[in-house]
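Chain and residue survey
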Amino acid sequence: AIDIRNLRADTGLITLDPGYGNTGSCQSAITFIDGEQGILRYRGIPIEQFEQAPNFVEIAWLLIFGHLPSPEEYDTFAADLTGCANLDEGMKHHFEGFPRAAPPMAILSAMINALSCFHPEIFEIQDKDSVRIASAGLISKIRTIAAYAYRHSRGLPYIYPDPKLRYVPNFLHMMFSQPFEQHVCEPIVRDALNLILLLHADHEQNCSTSTVRMVGSSQANLFASCAAGVCALWGPLHGGANVAVLEMLEQIHQGQMTPDDYVRLAKDKDSKVRLMGFGHRVYRNFDPRARMLANVAERLLPQLGVKDPLLDIARRLEEIALEDPYFIDRQLYPNVDFYSGIILRAIGIPVNMFTVMFAIGRLPGWIAHWWEQEQTPGNKIARPRQIYVGPRETDRVLLSERR
Ligand code: ACO
């Protein structure tokens, strides 16, 4: 901490906390994490209780409105989601403007931001009903945007959402159905995808959620704030890690390195390589989401008749790391990204869509935090301070006199 009382309009002390590891930015009643014990609870409910009959739509309601939906609330919300699934036809022209190889996260962020041009009611959110409608619109449309981004990247025609299908099957339908043919979504796939999405749905003040809150603190609208969240999620140290894990496993599989070699490299600071999908700012124990996803991978792949050598490599890397003093001393365990990619790959989701899947899952959490902040009395614009380390005062030299 340094005393900066000589500066005007200041409260006195600035604590320097790079990465905000020890800085609380808000009070929140949404998600509880105990990183030492490996506990994660949504609105007080342990995450493990959602393993049976996983339902992403129910979790979205829980996070945003603070309680499990009654059957009526659930039906209304599900109907809202179905009703909002289409994009304005005008938005389709935007997709045409992107190159085929455009990163889907760039498209996702741009399109979520563009939604506010087509839905000016977003600037008028004031009460629970308007939040419900805006949330349903965004949670529904992010799935359509994601599927259209994928279809565009493959040069395939867009498939309209089917009002008869539920959230997850409708997404798979828009992604993979041939035109005019209905995709059949196996219950095991539907459950696995629901579980993946809900396990990603919130994780308190992570980088992307803090971004959403920070942008929202300037009273930017919900769509703009969530578009910023997508950008923050994109990086390989955050949501982009699920792609990096697959690339790492592929690299080992291609024979470029053994699992032991890779772990050795990850311990060497000069290599700049990390064991992707390992470590977490908050968990100093197993990430409970990783445990649950490891179990899903073990069950789902045989049920789908998929034999993926990457799963064996992941298991081997985990075994090595969990016995290695480097990882033990630093309390580095598998995180949510370590097994999620293997499951998504088994379902047929292409690797470049993995982080998009994370964004679809995280969206209810972003909305919940944006709304919680909106409702907090006396909420202030987020504006951290810095410790200035540049020259105190120097003189300008005219360009003509500079060498
Ligand atoms: N492989 C090798 N070493 C690691 C790893 C890793 N995956 N993660 C951390 N370390 C080491 C660091 O080098 C550092 O070592 P040192 O003390 O000798 O310098 C120590 O462990 C602490 O690491 P930090 O980077 O200070 O920890 P931080 O809390 O800032 O970072 C993070 C957490 C970004 C998740 C980190 O563990 C990481 O880069 N992991 C790999 C990327 C990843 O999986 N990200 C997804 C995170 S989960 C999510 O966002 C959904």
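1. Some points on the packing of helix H4 (residues 104-118) against helix H16 (residues 354-375)
At their nearest, the axes of H4 and H16 sit 8 Å apart, and the two run at 35 degrees to each other. Judged by residue contacts, Pro104, Met105 and Leu108 of H4 engage Thr355, Val356 and Ala359 from H16.

2. Concerning the packing of aromatic side chains
Summed over the entire model, instances satisfying the criterion amount to 13 aromatic pairs. Relative to Phe176, the ring of Tyr150 has its centre 5.7 Å away and its plane inclined at 75 degrees; by these criteria the two rings are edge-to-face. Of the two residues, Tyr150 sits in helix H5 (residues 128-154) while Phe176 sits in helix H6 (residues 167-176), which places them 26 residues apart along the sequence. Judged by its relative accessible area of 21%, Phe176 falls in the partly exposed class. Feature note: the residues Phe278, Tyr326, Phe327, Phe338 and Tyr339 constitute an aromatic cluster, connected by ring pairs.

3. Some details on unusual backbone geometry
Even without glycine at this site, Gln219 takes up a positive phi of about 70 degrees. Relative to the elements of secondary structure, Gln219 occurs in the loop between helix H8 (207-216) and helix H9 (222-234). Of note in this structure, Lys272 is not a glycine but carries a positive phi near 60 degrees. Summarising the element assignment, Lys272 is placed in the loop between helix H11 (259-267) and helix H12 (288-304). When its relative accessible area of 75% is taken as the criterion, Lys272 is described as exposed.

4. Some details on the side chain of Glu372
Checked against the element boundaries, Glu372 lands in helix H16. Note on Glu372: relative accessible area 13%, which makes it buried.

5. Re the site of the ligand
In the region of the ligand, 20 residues are neighbours, and Lys269, Arg274, Leu275, Arg281 and Tyr326 sit closest. Note that an oxygen atom of the ligand is positioned 2.9 Å from one of the backbone N or O atoms of Gly277. Contacts to the ligand include Arg281, whose side-chain N or O atom sits 2.8 Å from an oxygen atom. Taken by itself the ligand offers 910 Å² of open surface, and the protein chains cover 76% of this. When grouped by side-chain class, the residues that make up the shell around the ligand number ten nonpolar, five polar and five charged.

6. Concerning the sheet that holds strand E4 (residues 39-42)
Sheet architecture is open: three strands sit in the order E3-E4-E5, paired in antiparallel fashion. Each having just a single partner strand, strand E3 (31-34) and strand E5 (45-46) make up the two edges of the open sheet. Where E4 meets E5, two bridges bridge the pair, whose relative direction is antiparallel. Across the sheet, Arg41 pairs through a bridge with Pro46, a residue of E5.

7. Looking at the pairing of E4
Burial of E4 is one-sided: the residues Leu40 and Tyr42 facing one way are buried, the residues Ile39 and Arg41 facing the other way are not. Across four bridges, E3 lies against E4 in antiparallel orientation. Among the inter-strand pairings, Asp34 is bridged to a residue of E4, identified as Ile39. Hairpin geometry of E3 and E4 is characterised by an intervening segment of four residues between the two adjacent antiparallel strands and by a positive phi of about 70 degrees at Gly38. Remark: two residues form the turn of the hairpin made by E4 and E5, two consecutive strands paired antiparallel; Arg43 in that turn has positive phi of roughly 45 degrees.

8. Focus on empty space enclosed by the protein
According to the stated counting rule, one finds two cavities of 30 Å³ or more in the structure shown. Here the largest cavity defines a volume of roughly 50 Å³. Together, Arg143, Tyr167, Val168, Phe171, Leu193, Leu197, Met357 and Ile360 line the largest cavity. Of all the secondary structure elements, the ones that give two or more residues to the lining of the largest cavity are H6, helix H7 (187-199) and H16. It is H6 that contributes the most residues to the lining of the largest cavity, three residues altogether. Among the residues forming the lining of the largest cavity, the class breakdown is seven nonpolar, no polar and one charged. Counted as a void, the second largest cavity has a volume near 30 Å³. Around the second largest cavity sit Gly279, His280, Tyr283, Asn285, Asp287, Gln331, Tyr333, Pro334 and Asn335, which together line it. Among the residues forming the lining of the second largest cavity, the class breakdown is three nonpolar, five polar and one charged.

9. Describing the pattern of salt bridges
Opposite charge on two side chains allows them to pair when their charged atoms are near. The tally for this structure, following the rule as stated, stands at 15 salt bridges. With a shortest N-O distance of 2.6 Å, Asp324 and Lys267 are connected by a salt bridge. A residue pair is termed long-range when its members are at least 10 positions apart, and Asp324 in the loop between helix H13 (309-322) and helix H14 (325-329) and Lys267 in helix H11 qualify at 57 residues. Residue Asp324 is classed as buried on the basis of its relative accessible area of 11%. Judged by its relative accessible area of 29%, Lys267 is partly exposed. Here Arg315 makes a salt bridge to Glu298, at a shortest N to O gap of 2.8 Å. Pair noted here: Arg315 is in helix H13 and Glu298 is in helix H12, with a separation of 17 residues, a long-range link. Through salt bridges with shared partners, a single ionic network connects Glu298, Lys307, Asp312 and Arg315.

Parameters and conventions
Residue numbers restart at each chain and count upward from 1, following the sequence in its written direction. Local features in this predicted model are restricted to residues of pLDDT 70 or higher, and side-chain atom pairs are both shown and tallied only at a pLDDT of 80 or more, whereas totals for entire chains, interfaces and linings draw on every residue. Only heavy atoms go into the side-chain values, all of them from the structure, while hydrogens and water stay out. All axes here are fitted lines through C-alpha atoms, helices being fitted over the stretch that makes contact, and every angle between N-to-C directions spans 0 to 180 degrees. The secondary structure listing takes helices from DSSP runs of H or I that are at least 4 residues long and strands from runs of E that are at least 2 residues long, numbered from the N terminus. The contact criterion used is simple: two residues touch if any of their non-hydrogen atoms lie within 4.5 Å. Centre distance within 6.5 Å is the pairing criterion for rings of Phe, Tyr and Trp, where only the six-membered ring of Trp is used; planes under 30 degrees apart are then read as stacked, over 60 as edge-to-face, and the remainder as tilted. Only protein chains enter the calculation, and the probe is 1.4 Å; a residue is then buried if its accessible area is under 20% of its type maximum, exposed if over 50%, and partly exposed in between. Proximity is defined per residue: any heavy atom of the residue falling within 4 Å of a molecule or strand makes that residue near it. Polar contacts here mean pairs of N or O atoms no more than 3.5 Å apart (in protein, one a potential hydrogen donor and the other a potential acceptor; neighbouring residues in sequence count only if both atoms are side-chain atoms). Computed by Shrake-Rupley with a 1.4 Å probe, the accessible areas treat only the displayed protein chains as cover when residues are assessed. In this classification, Asp, Glu, Lys and Arg are treated as charged, Ala, Val, Leu, Ile, Met, Phe, Trp, Tyr, Cys and Pro as nonpolar, and every other residue, Gly included, as polar. Note: two strands are recorded as paired if DSSP finds a minimum of 2 bridges between them. Grid spacing is 1 Å over the protein atoms alone, the probe is 1.4 Å, and a cavity is where that probe fits but cannot get out, while a pocket is an open set with protein on both sides within 12 Å along at least five of seven lines and lining residues have an atom within 4 Å of a point. Grid points are joined across faces, edges and corners, and a volume is the space filled by probe spheres set on the points. Every case where a carboxyl oxygen of Asp or Glu lies within 4 Å of a side-chain nitrogen of Lys or Arg is listed as a salt bridge.

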